[in-house]
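If you want the building blocks of each chain, they are given just below.
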Amino acid sequence: MDEREILTRFKDGTLDRRQAVALLAPAVDAANGIDGINGSHGIHGVNGVNGVNGSGGVAVAAAPVAPYEPAGRELPVRAAPVAVVGMSGRYPGAPDLAAFWHLLRDGRDTAAAPPPGRPGGEPGHYLEQVGEFDAEFFGLDPEEAALTDPRERLLLETAWEAFEDGGCTGSRLDALRAPDGTPRNVGVFVGAGAGDWPLLAAEAGTASRGGPWDIANGVSRVLGLTGPSQCVDTAEASVPTALHLALASLERGECTAALVGGVHLLLHPWSRRPGVGEAVGALLLKPLDRALADGDTVHAVVRGSAAAHARGGAALAAALERAGLAEQEPGLRETAPCARPSVGEGGPATGLALLTRAVLQLRHGVLLPAPGRESAEPWSRPDPSDPSVPRRVVAGLRGAGGVDAQVVLEEYAARPAPVRERPAGHAELVLVSGPTPEHVRATARRLGEWLRAGHEVPGLAAVARGLRTGRAAMDCRLAYVVHGAEELVRLLVEADAPCADLRGGRRDPMRLGEAPESADYLAALWRGGRLGQLRDLWLAGVDVDWAALEAAPGAAAVSVPIPPSALLRTALWLPAR
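Conventions used here
- Residues numbered from 1 in each chain as written.
- Predicted model: local features only at pLDDT ≥ 70, side-chain atom pairs only at ≥ 80, totals over all residues.
- Heavy atoms only, no water.
- Core = buried A, V, L, I, M, F, W, Y, C linked by side-chain atoms within 4.5 Å.
- Buried < 20%, exposed > 50% of the residue type's maximum accessible area, 1.4 Å probe, protein only.
- Helix = DSSP H or I, 4+ residues; strand = E, 2+ residues; numbered from the N terminus.
- Contact = heavy atoms within 4.5 Å.
- Pairing = 2+ DSSP bridges.
- Axes fitted to C-alpha atoms, helices over the stretch in contact; angles between N-to-C directions.
- Parallel < 35°, antiparallel > 145°, perpendicular 65-115°, else oblique.
- Left-handed = near helix turned anticlockwise from the far one by under 90°.
- Nonpolar A, V, L, I, M, F, W, Y, C, P; charged D, E, K, R; others polar.
- Arc of directions from axis to C-beta.

Trainee: Sorry if this is basic, but what is going on with the nonpolar core here?
Mentor: The tendency in soluble globular proteins is for nonpolar side chains to be buried as a group. Counting 50 residues, the largest nonpolar core has Phe 163, Val 219, Leu 223, Leu 225 and Leu 259 as its most contacted members. Here this core takes seven residues from helix α5 (residues 150–165), the largest share from any one element. Ignoring anything within four residues of it in the chain, the contact list for Val 219 reads Leu 155, Leu 156, Ala 159, Val 188, Asp 214, Leu 225 and Leu 259. By size, the runner-up hydrophobic cluster in this structure holds 49 residues, among which are Ala 279, Val 302, Ala 358 and Ala 370.

Pasting the structure below:
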């Protein structure tokens, strides 16, 4: 076909970009007198050889070139520390990170046959229920969501869970402002491959919505995030590369916080072979000083990163130099084989699992099973005589295309800020909200069961404060003034109190939120302990900036990890042909 037909087919979507470029390349090379990338004639390349890897040809004298002067802010030699303040993920056999941690500790290999409903029989490491999605939670049309790539849908759900884990929704998300005052200045950097959803859509006789870029752009669009938004594909190294780009964007001041995500699904049988794997997950990053000022929980600290193509150990050396550790022992090394039992040959899922393993080991102080270590074991301190020396891990791997991406992480060794637990019997205000009454009750029951289990649960004051300050106030609401954890568990599990439903424009009927004096009034009620009045105003739809009322610096001074809001997921798939 000629050039015009190729461009026409690219425009109407029959050909993707890679296919169009491949078809156009011979015509372009012929027009320029080039014999092809690996040809034996033509113009010398960077290293004085023809094209990229060719040999021979005519030498061209190089004109003097002025030194390149980069525009904008130059990155310092040593990177500023960046905190991981929120995280979430779904892995084969593990619907959340708590289950994933137990799976990793046990050293389980998750290889199995495809889940029910998936065509084909290739054993691999598969996610469950990838065709389900809660469109109503995000205010999306179910029919349009059914045409959306499940990778975008799963990442959206997982991104929201990471924001909630970091206590960074509602007013705390709005407070992440750009220098010009634009709210929600959060960048989104996602590692993902090509995907096979368009192939399934074509077989169903319909068109899928969007493209690979929408995996990242869709998260930014739905959540109203205003920072950079891009998808990265460097095969297995995609997610560490995305994290590297996120760190650079934070340092340049392009975003105030960054969401680093990864997703890999194998939906069509043609995409699968024995041993492949899937996963989806996200990490929420903030500069460490900002995280501490905001009172965030710090799961781990990223000290440096680097990415390079096929240059031996250049990426590792550069990452250690950025971390200020060029002359020191890097600590634990996490490489691709460490992730293989949980995600197999997982493409972008490999780097995602590797980074998640690294953060979880730092957070728990436990070394997971890995090549050369058959079972989990306590992680001894690097310097027993100096407990302030942090544990460190270098997580990195080389993708199939040759990109080597390395990330240096360390534990946050400083003690969390003390939580002001009130005397026994002191009242606490607990808030739960969701887009529908059903969501509210499902979330309340989830919180109640978590509190009842009592595993790694903060005190009542910390939980109540985290729910007030770190969760978005949605249209349907429950609120309790309680005097103890047992009372709260009973109320949440039963969840039979009337739910305030503010849908349809029923928020704040007295328009108190419009009065400039309201902020001072609400602050006075808070200082006076008028929790009943504050509860009633919030249930009536008055916006209360709890983060401003309860601001406190220090690790975990404001935000603590709490189970995410319940998602009521239903099957959404392409229409049958």
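Trainee: Mind showing me how you'd approach the sheet that holds strand β13 (residues 428–434) here?
Mentor: Strands in a sheet are paired, the pairing made by backbone hydrogen bonds, and the direction either parallel or antiparallel. With respect to topology, three strands assemble into an open sheet ordered β13-β14-β15, the strand pairing being antiparallel. The open sheet has two edge strands, β13 and β15 (500–501), and neither has a second partner.

Trainee: Can you help me understand the packing of α5 against helix α8 (residues 214–223) in this one?
Mentor: Between two packed helices, the angle of one axis relative to the other and the distance separating the axes together describe the packing. It is at 9 Å that the axes of α5 and α8 come closest, and there the two elements cross at 50 degrees. With respect to α8, the element α5 is oriented oblique. Helix-helix and strand crossings are classified by hand; for α5 and α8 the assignment is right-handed. Where α5 abuts α8, its residues Arg 151, Glu 152, Leu 155, Leu 156, Ala 159, Trp 160 and Phe 163 lie against Asp 214, Ile 215, Gly 218, Val 219, Arg 221, Val 222 and Leu 223. Among the residues forming the contact of α5 with α8, the class breakdown is nine nonpolar, one polar and four charged.

Trainee: What am I meant to see in the side chain of Arg 272 here?
Mentor: Considering the arrangement of structural elements, one finds Arg 272 in the loop between β5 (257–264) and β6 (279–287). Under the relative-accessibility criterion, Arg 272 is labelled buried at 7%. Residue contacts for Arg 272: discarding those within four places in its chain leaves Pro 114, Arg 118, Pro 119, Gly 120, Glu 122, Tyr 126, Leu 266 and Leu 267.

Trainee: Where do I start with helix α18 (residues 531–539) in this structure?
Mentor: Owing to its 3.6 residues per turn, the α-helix aligns residues three or four sequence positions apart on the same side. Buried within α18 are the following residues: Leu 531, Leu 534, Leu 537 and Trp 538. Axial view of α18: buried residues confined to an arc of 125 degrees, hence all on one face. On its buried face, α18 is in contact with β13, β14 (476–482), α17 (518–527) and α19 (546–549). Just past α18, the residue Gly 541 takes up positive phi, approximately 100 degrees.

Trainee: When you look at the pairing of strand β3 (residues 186–191) in this model, what are you seeing that I'm missing?
Mentor: Note on strand geometry: in a regular strand, side chains alternate between the two faces of the sheet. Of all six residues in β3, six are buried; the element is thus mostly enclosed. Side chains Val 186, Val 188 and Val 190 project from β3 onto one buried face, and the interleaved Gly 187, Phe 189 and Gly 191 project onto a second face that is buried too. Here β3 pairs with β5 via six bridges, running parallel. Looking across to β5, one finds that Val 186 is bridged to Ala 257. Judged from the four bridges that link them, β3 and strand β4 (residues 229–232) form a sheet pairing that is parallel. If you follow Gly 191 over to β4, its bridge partner there is Val 232.

Trainee: Hey, could you run me through unusual backbone geometry in this one?
Mentor: Most peptide bonds are trans, and most residues other than glycine sit at a negative phi. Even without being glycine, Gln 129 reaches a positive phi, approximately 55 degrees. Relative to the helices and strands, Gln 129 is located in the loop between α3 (97–106) and β2 (132–133). Positive phi values are uncommon outside glycine, yet Ala 235 reaches one of about 60 degrees. Structurally, Ala 235 can be placed in the loop between β4 and α9 (238–251).

Trainee: Looking at this structure, I do not really get the packing of helix α12 (residues 336–343) against helix α13 (residues 348–364). What am I missing?
Mentor: Between α12 and α13, the least distance of the axes is 9 Å, while the angle of their chain directions is 105 degrees. Between α12 and α13, the angle falls in the class roughly perpendicular. Here α12 contributes Ala 336, Cys 338, Ala 339, Ser 342 and Val 343 to the contact with α13, which in turn contributes Ala 349, Thr 350, Ala 353, Leu 354 and Arg 357. A class-by-class count of the residues in the contact of α12 with α13 yields seven nonpolar, two polar and one charged.

Trainee: How should the sheet that holds β6 be read in this particular structure?
Mentor: The nine strands lie next to each other as β4-β3-β5-β6-β1-β7-β12-β11-β8, forming an open sheet whose pairing is mixed. Strands at the two margins of the open sheet, each flanked by one partner only, are β4 and β8 (332–334). Between one strand axis and the next, the sheet turns through 25 degrees on average, direction left out of account. Strand direction decides the pairing type here: β8 and strand β11 (residues 392–398), joined by three bridges, are parallel. Pairing of Arg 333 across the sheet is with Val 394, part of β11. α5 rests against β1 (82–90), β3, β5 and β6 of the sheet, and its axis sits at about 135 degrees to β1. Across the sheet, α8 touches β3, β4 and β5, and the angle it forms with β4 is around 155 degrees.

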